[in-house]
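Coordinates in review
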Amino acid sequence: MNQAPKPTEDTVRRLVRSLLKDSAADGSGPEIRPVAEGGEHSTWWIGTRHVLRLAPDHEAALRQRRELRLRDLVRPYVPVAVPTSVAHGDWAPGLTYTLDTLVPGRSGEDQDVSAVGEADLAGLLTGLREVPARQAEALGVPRTAPRSLEALRRAAEQAAGRLAAADEFDAARLQQLTQPGALQLAAQPGTAVLVHHGLKGGHLVVSADGRVRGVLDWTDAVLGDPAEDIAGLALAVGSPAAVRAATLAGYGARPCLRGLWLARCDTVVRLAGHLGGRDTGSLPLLRTQLRRTWEAILLERVTELRGGDGEL
């Protein structure tokens, strides 16, 4: 199998020159800078108004083509900006690119979300639930089964022991999630919705006043468990804010607590994986996400879930 080519700055500059009228023939034009944040796409800032994303392999290209169609479907349903492509095509045989308008604001990792911003997140969760599943599926958005919280709990227990030995985490905190509790928080049948599946801080665009103005990178969207997006928000803005947003969006105690525990177990497993050399994420960010997800919420004082509708 031939190895996919790797884009260089010259590759990007030639492509931008062909796409933007304000790129002069002498090679001058908008400033081109690689985006420092990670991600599966090779991503570049193009001046102050555009972002260029290049798919590095054929699987990523398939997801990017699907993302372009999905963003058009999602846009009328959500109260925040979804990037718009001003040009797209192939930068190499079978490898796609999209030149997107820049959504103004700062990364959610660098700017706190205000109370009004939490309402924006609630509107986002509400809108995702309203996107017609059949239309999303027709675009190629895959359906995924809910994860087993019990299996994740067992993995987190082992990881917590390693973190405790490294003085990174109090393993006793994980005892709040028992085996019966994990089974009670299993996803309920018939609850699948469109899930962004990557609502981490780096994909939230936040204005100086704390409003959530946009959501980036829809390549991993699936039809599945809405608790996954609640979990993502817990990593991005902390458990209390994530649960408040989900509650405002109409989600009951069960999906809120399920999302909370998905996030908590994930962060324990990932931080332990990093310390063991199996996760290449940013260590400071992993520690920050662990702290955010383990912030206490009032809902945890409830010790018994009853009924099957996701309510207490």
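Residues numbered from 1 in each chain as written. Predicted model: local features only at pLDDT ≥ 70, side-chain atom pairs only at ≥ 80, totals over all residues. Heavy atoms only, no water.

**Things to note about helix α3 (residues 115-130)**
Convention followed: Strands are runs of DSSP state E lasting at least 2 residues, helices are runs of H or I lasting at least 4, and numbering of each runs from the N terminus. Multiplying 1.5 Å by the helix residue count minus one yields the expected span of that helix. Between buried and exposed lies partly exposed: a residue is buried under 20% and exposed over 50% of the maximum accessible area for its type, with that area taken using a 1.4 Å probe on protein chains only. Between two residues, a contact is recorded if the distance between any of their heavy atoms is within 4.5 Å.
Given a rise of 1.5 Å per residue, 16 residues ought to cover 22 Å, and the 23 Å separating the end C-alpha atoms of α3 matches this to within 8%. By the burial criterion, the buried members of α3 are G117, E118, D120, L121, A122, L124, L125, G127 and L128. Against the buried residues of α3 lie β7 (193-195), β8 (204-206), β9 (212-215), α7 (227-237) and α8 (239-248).

**Some points on the packing of aromatic side chains**
So the rule is basically this: Aromatic pairing here means that ring centres of Phe, Tyr or Trp (its six-membered ring) are within 6.5 Å. Orientation follows from the plane angle: under 30 degrees is stacked, over 60 is edge-to-face, and everything else is tilted. The criterion for a charge sitting over a ring is simple: Lys NZ or Arg CZ within 6 Å of the ring centre, and within 35 degrees of the ring normal.
Counted under the stated rule, the structure contains two aromatic pairs. Ring centres of W261 and W294 lie 5.5 Å apart, and the angle between their planes is 90 degrees; on these two criteria the pair is classed as edge-to-face. Remark: W294 occurs in the segment after α10 (283-293) and W261 occurs in helix α9 (residues 253-275); sequence separation between them is 33 residues. An aromatic cluster of at least three residues, connected via ring pairs, comprises F169, W261 and W294. Just above the ring of Y251 sits the side chain of R129; from NZ or CZ to the centre is 4.7 Å. Above the ring of W261, the side-chain terminus of R264 is found at 5.1 Å from the ring centroid.

**Points about the packing of α8 against α9**
Stated formally: In this analysis an axis means a line fitted to C-alpha atoms, helices contributing only their contacting stretch, and an angle means the value between N-to-C directions, from 0 to 180 degrees. When an angle is under 35 degrees it counts as roughly parallel; over 145 it counts as roughly antiparallel; between 65 and 115 it counts as roughly perpendicular; any other value is oblique. By convention, the crossing between two helices is left-handed when the near helix turns anticlockwise from the far helix through less than a right angle, and right-handed when the turn is clockwise.
Where α8 contacts α9, the axes come no closer than 10 Å and their chain directions differ by 150 degrees. Our classification of the angle between α8 and α9 gives roughly antiparallel. Once α8 is placed against α9, the crossing between them reads as right-handed. Here S239, V243, A246 and T247 of α8 come into contact with α9, specifically with C256, L260 and R264.

**So, the sheet that holds β9**
This is how the line gets drawn: One bridge is not enough; two strands pair if DSSP finds at least two bridges between them.
Read across the sheet, three strands follow the order β6-β8-β9 without closing on themselves; strand pairing throughout is antiparallel. In the strand order of this sheet, the two ends are held by β6 (106-107) and β9, each with one partner. Pairing geometry for β6 and β8, over two bridges, is antiparallel. Each bridged residue has a counterpart across the sheet, and for R106 the counterpart in β8 is V206.

**Some remarks on the pairing of β9**
Pairing of β8 with β9, which is carried by three bridges, proceeds in the antiparallel orientation. Bridging from a neighbouring strand, V206 pairs with V212 of β9. Linking β8 to β9, which pair antiparallel, is a turn of five residues; within it G210 sits at a positive phi near 85 degrees.

**Details of the nonpolar core**
Generally speaking, nonpolar side chains in soluble globular proteins are found buried as a group. For clarity, the threshold we go by: Throughout this description, the term nonpolar core refers to a set of buried Ala, Val, Leu, Ile, Met, Phe, Trp, Tyr and Cys residues connected via side-chain atoms within 4.5 Å.
Counting 64 residues, the largest nonpolar core has L194 and V268 as the members making the most contacts within it. For this core, the element with the highest residue contribution is α9, accounting for ten residues. Sequence-distant contacts of V268, defined by excluding residues within four places in its chain, comprise A156, A159, A160, L163, F169, L290 and W294. If you look at the next biggest cluster of nonpolar residues, it comprises 15 residues, including V16, W44, I46 and L52.

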